[in-house]
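Residue-level structural notes
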Amino acid sequence: MFNLEYSYLSLPSTFYQLVKPASFRQLETVLLNESLCKELNIPLDNQEDFASFLLENESNTEMTSFAQAYAGHQFGNFTKLGDGRAIVLGEYLSSLNERIDIQLKGSGRTAYSRGGDGKATLKAMLREYLMSEAMHHLNIPTSRSLLVAKTGEWVQRDKTHHGAVVVRLMKSHIRIGTFEYARHFGTTEDIQALTDYTIKRLYPEIKNKENTALGLLKKVMSSQIDLVVNWMRVGFIHGVMNTDNVSISGETFDYGPCAFMNAYHPDTVFSSIDTNGRYAYGNQPNIIKWNIARFAEALLPVLHTNPDTALQLAQACIDEFDSIWEEKYYQMMLNKIGIESNNQEVYYLVDELLDLMKRLKLDYTNTFWNLSQDILSEDSSIHKSEFKPWLEKWKNAIKNSSGMQQAKQLMNKTNPVFIPRNHIVEQALDEAINGNTNLFVTLCGIVSNPYIYQDNLKKFTEPSDLDFERSYQTFCGT
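The text that follows walks through the structure, step by step, so that each part is easy to find. (Residues numbered from 1 in each chain as written. Predicted model: local features only at pLDDT ≥ 70, side-chain atom pairs only at ≥ 80, totals over all residues. Heavy atoms only, no water.)

Re the overall build of the protein chain
The helix and strand inventory of the protein chain stands at 16 helices and 13 strands. Taking 478 residues into account, the globule formula puts the C-alpha radius of gyration at 23 Å, and the protein chain, at 23 Å, falls close to it. Once the C-alpha set of the protein chain is aligned to its principal axes, its extents read approximately 70 × 60 × 40 Å. In the protein chain, which comprises 478 residues, the proportion classed as buried is 56%. By sequence separation, contacts in the protein chain at least 24 residues apart represent 72% of the contacts at least 6 residues apart. Here the protein chain displays about 20500 Å² of accessible surface, and carbon together with sulfur accounts for 46% of that area. When the 46 positive and 57 negative side-chain charges of the protein chain are each reduced to one mean point, those points stand 2 Å apart. (Helix = DSSP H or I, 4+ residues; strand = E, 2+ residues; numbered from the N terminus. Rg over C-alpha atoms; globule rule 2.2 N^0.38 Å. Buried < 20%, exposed > 50% of the residue type's maximum accessible area, 1.4 Å probe, protein only. Contact = heavy atoms within 4.5 Å. Areas by Shrake-Rupley, 256 points an atom, 1.4 Å probe, with all protein chains shown as cover. Lys, Arg positive; Asp, Glu negative; His and termini not counted. Charge placed at Lys NZ, Arg CZ, Asp CG, Glu CD.)

So, the nonpolar core
Side chains that are nonpolar tend, in soluble globular proteins, to be buried together. With 103 residues, the main nonpolar core has Ile248, Ile337 and Trp390 as its most contacted residues. Per element, the largest residue contribution to this core is 13 residues, and it comes from helix α6 (residues 212–234). In contact with isoleucine 248, not counting residues within four places along its chain, are Ile174, Arg175, Ile176, Phe179, Thr198, Leu202, Tyr203, Leu216, Val220, Ser223 and Phe295. Counting residues in hydrophobic clusters, the runner-up holds 28 residues, among them Tyr129, Ala428, Ala432 and Phe460. (Core = buried A, V, L, I, M, F, W, Y, C linked by side-chain atoms within 4.5 Å.)

Considering the pattern of salt bridges
Counted under the stated rule, the structure contains 26 salt bridges. Put simply, arginine 144 and glutamate 133 hold a salt bridge, and the shortest N to O gap is 2.6 Å. Here arginine 144, found in strand β10 (residues 144–156), pairs with glutamate 133, found in helix α3 (residues 122–137); they are 11 residues apart in sequence, far enough to count as distant. Assigned by exposure class, arginine 144 and glutamate 133 land together as buried. Between lysine 328 and aspartate 226 there is a salt bridge; the shortest N-O distance is 2.8 Å. Of this pair, lysine 328 sits in helix α9 (residues 321–336) while aspartate 226 sits in helix α6; the two residues are 102 residues apart in sequence, bridging distant segments of the chain. We classify lysine 328 as partly exposed; its relative accessible area is 26%. Judged by relative accessible area, which is 37%, aspartate 226 ranks as partly exposed. When salt bridges that share partners are traced, they join Glu5, Glu91, Arg99, Asp101 and Arg201 into one network. (Salt bridge = Lys/Arg side-chain N within 4 Å of Asp/Glu carboxyl O.)

Examining α3
Between the first and last C-alpha of α3 there are 23 Å, a value that for 16 residues agrees with the 22 Å anticipated at 1.5 Å per step. In terms of residue burial, α3 counts as a mostly covered element, since 13 of its 16 residues are buried. Within two residues after α3, asparagine 139 carries a phi angle of roughly 70 degrees, on the positive side. (Expected span 1.5 Å × (residues − 1).)

A few points about the packing of aromatic side chains
Under the counting rule described, the total for this entry stands at 25 aromatic pairs. Relative to tyrosine 364, the ring of tyrosine 281 has its centre 6.1 Å away and its plane inclined at 65 degrees; by these criteria the two rings are edge-to-face. Here tyrosine 364 lies in helix α11 (residues 364–373) and tyrosine 281 lies in the loop between β13 (259–260) and α7 (284–303), a separation of 83 residues in the sequence. Both residues of the pair, tyrosine 281 and tyrosine 364, belong to the buried class. Taken together, Phe321, Trp325, Tyr329, Tyr330 and Tyr347 form an aromatic cluster joined through their ring pairs. The lysine or arginine in question, lysine 80, covers the ring of phenylalanine 185, its NZ or CZ lying 4.8 Å from the ring centre. We note arginine 175 situated over the ring of tyrosine 70; from NZ or CZ to the ring centre the distance is 3.9 Å. (Phe/Tyr/Trp six-rings, centres within 6.5 Å; stacked < 30°, edge-to-face > 60°. Lys NZ or Arg CZ within 6 Å of the ring centre and 35° of its normal.)

Re the packing of helix α5 (residues 188–202) against α7
Think of two packed helices as two axes; the pair is described by the angle between the axes and how far apart they sit. Where α5 meets α7, the closest approach of the two axes is 9 Å, and the angle between their N-to-C directions is 100 degrees. Judged by the inter-axis angle, α5 sits roughly perpendicular to α7. Along its contact with α5, which presents Thr188, Ile191, Gln192 and Thr195, the element α7 presents Ala298, Leu299, Pro301 and Val302. Here the contact of α5 with α7 is built from residues that sort into 5 nonpolar, 3 polar and no charged. (Axes fitted to C-alpha atoms, helices over the stretch in contact; angles between N-to-C directions. Parallel < 35°, antiparallel > 145°, perpendicular 65-115°, else oblique. Nonpolar A, V, L, I, M, F, W, Y, C, P; charged D, E, K, R; others polar.)

Considerations on the pairing of strand β6 (residues 77–80)
Successive side chains on a regular strand alternate, one facing one side of the sheet and the next facing the other. With 4 bridges joining them, strand β5 (residues 71–74) and β6 adopt antiparallel strand pairing. Paired with alanine 71 across the strands is lysine 80, a residue of β6. Counting the residues in the hairpin turn of β5 and β6 gives 2 residues, including phenylalanine 75, whose phi is positive at 50 degrees. (Pairing = 2+ DSSP bridges.)

Here's the deal with the state of the cysteines
Counted by the stated rule, this structure contains 0 disulfides. Note on cysteine 444: no disulfide assigned, nearest cysteine sulfur contributed by cysteine 258 at a separation of 13 Å. Look at cysteine 444 and you get buried, because its relative accessible area is 16%. (Disulfide = S-S within 2.5 Å.)

Side note on the side chain of arginine 127
As for its position among the elements, arginine 127 is in helix α3. Taking relative accessible area as the criterion, arginine 127 reaches 8% and is therefore assigned buried. Here glycine 256 takes part through its backbone oxygen, which lies 3.2 Å from a polar atom of the side chain of arginine 127. Look past the residues within four positions of arginine 127 in its chain and what remains in contact with it is Tyr255, Gly256, Cys258, Val425, Glu426, Leu429, Tyr472 and Thr474. (Polar contact = N/O pair within 3.5 Å; in protein donor to acceptor, adjacent residues only side chain to side chain.)

Describing helix α4 (residues 176–185)
Burial runs high along α4: 7 of the 10 residues are buried. Regarding α4, the residues found buried are Ile176, Gly177, Thr178, Phe179, Glu180, Tyr181 and Ala182. Where α4 is buried, its residues touch β5, β6, α5, α6 and α7.

Regarding the environment of aspartate 254
You can see aspartate 254 is positioned in the loop between β12 (236–237) and β13. For the pair aspartate 254 and glycine 239, spaced 15 residues apart in sequence, the C-alpha to C-alpha distance is 9.8 Å. At 2.9 Å, the side chain of aspartate 254 forms a polar contact with the side chain of arginine 168.

Right under this line is the structure:
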């Protein structure tokens, strides 16, 4: 049907183990991402053959699928990990010459399963599909889900669930934790091989730099800052920013305990396992800086042969983080209020607005969208007297910038109307696993066009009540 390549297998064998996915004899396709297939020019002449090729893997007589080895800091604690329930089928070379990993999740045990069954639940895989598609259409780099299928098996977790598998696509599944694995369990030669491979595959523009490892560190730091700035733009909380969940390619992935914030508060946490708020919405910038520092540590042996010089180079790079973050974050937030130029003299408008939103418990998404429509006075949750001084300062800043018409155009491109609202996501998932996919399909359609308001979809812009939000928890199920 299409040929797969295996460039990752050119790395030392310490980075992977060959493994064949489990065979499921009662596979039932639940979702097929036809738009993604078209984008990648993946042939869809026969959908049944397509699903069979991906999920049953019977066309490969030679075992070339593999699970990746990696390590990671999980909630600050280092541990040895690996793909416990994920198997890379191979790399698809698109018509645009893009190399893309095709990976199965929920396809059975690997050498890294650590006692787990390697399986996944239908609810978790549908959640991954929905959230990754929402992020893609919000214009945020992300993994994509190509296919979700029921396996015909039952999976035991808190209770018995329908088993499922998702086909996930990414530019690469190399993560900070892959480099940590090389540093702690490999040799300097292993780190160099991984560095060279990563640059060749993801960042070939730096291959001729004098210090390619330093170039890679700077590239990854820049891409991760851009990514997390984008998360902050739409109120997204990843929920489990462990170093093994940070991709070197700068893509969002592993949609387990993630959620979108409704009422603005920087301490917002939904993840059931994040009991101390380490990965709260407002702490995500600090965590990505911490994670990049771990990446720098892993690269030390190849940054320079002199350990002191290597440390100085790494530290100098990390020291640039705060200034880069501030510039990119405020540029994004100014865009959200219609100011295109990155003028430090109006940064205070962002800070004052967020403080108002926090004190008044205002919805993050709706406040910015209402601002772009100039209908703040129609929102009963916004007190006119509280907002009037800020509005006057904002309007003056817009007047002195590009004018209101251009400001609204910028805000409409930056501020989504629709996000996956937590209560609707849960309702759609619960109905879908019980056989009624209508709401789920509707929600997938809505989040695929998040920047255009539609009157008949107003209920999808409404947040849940505060009681739901206070008790709402997401789980590490993907």
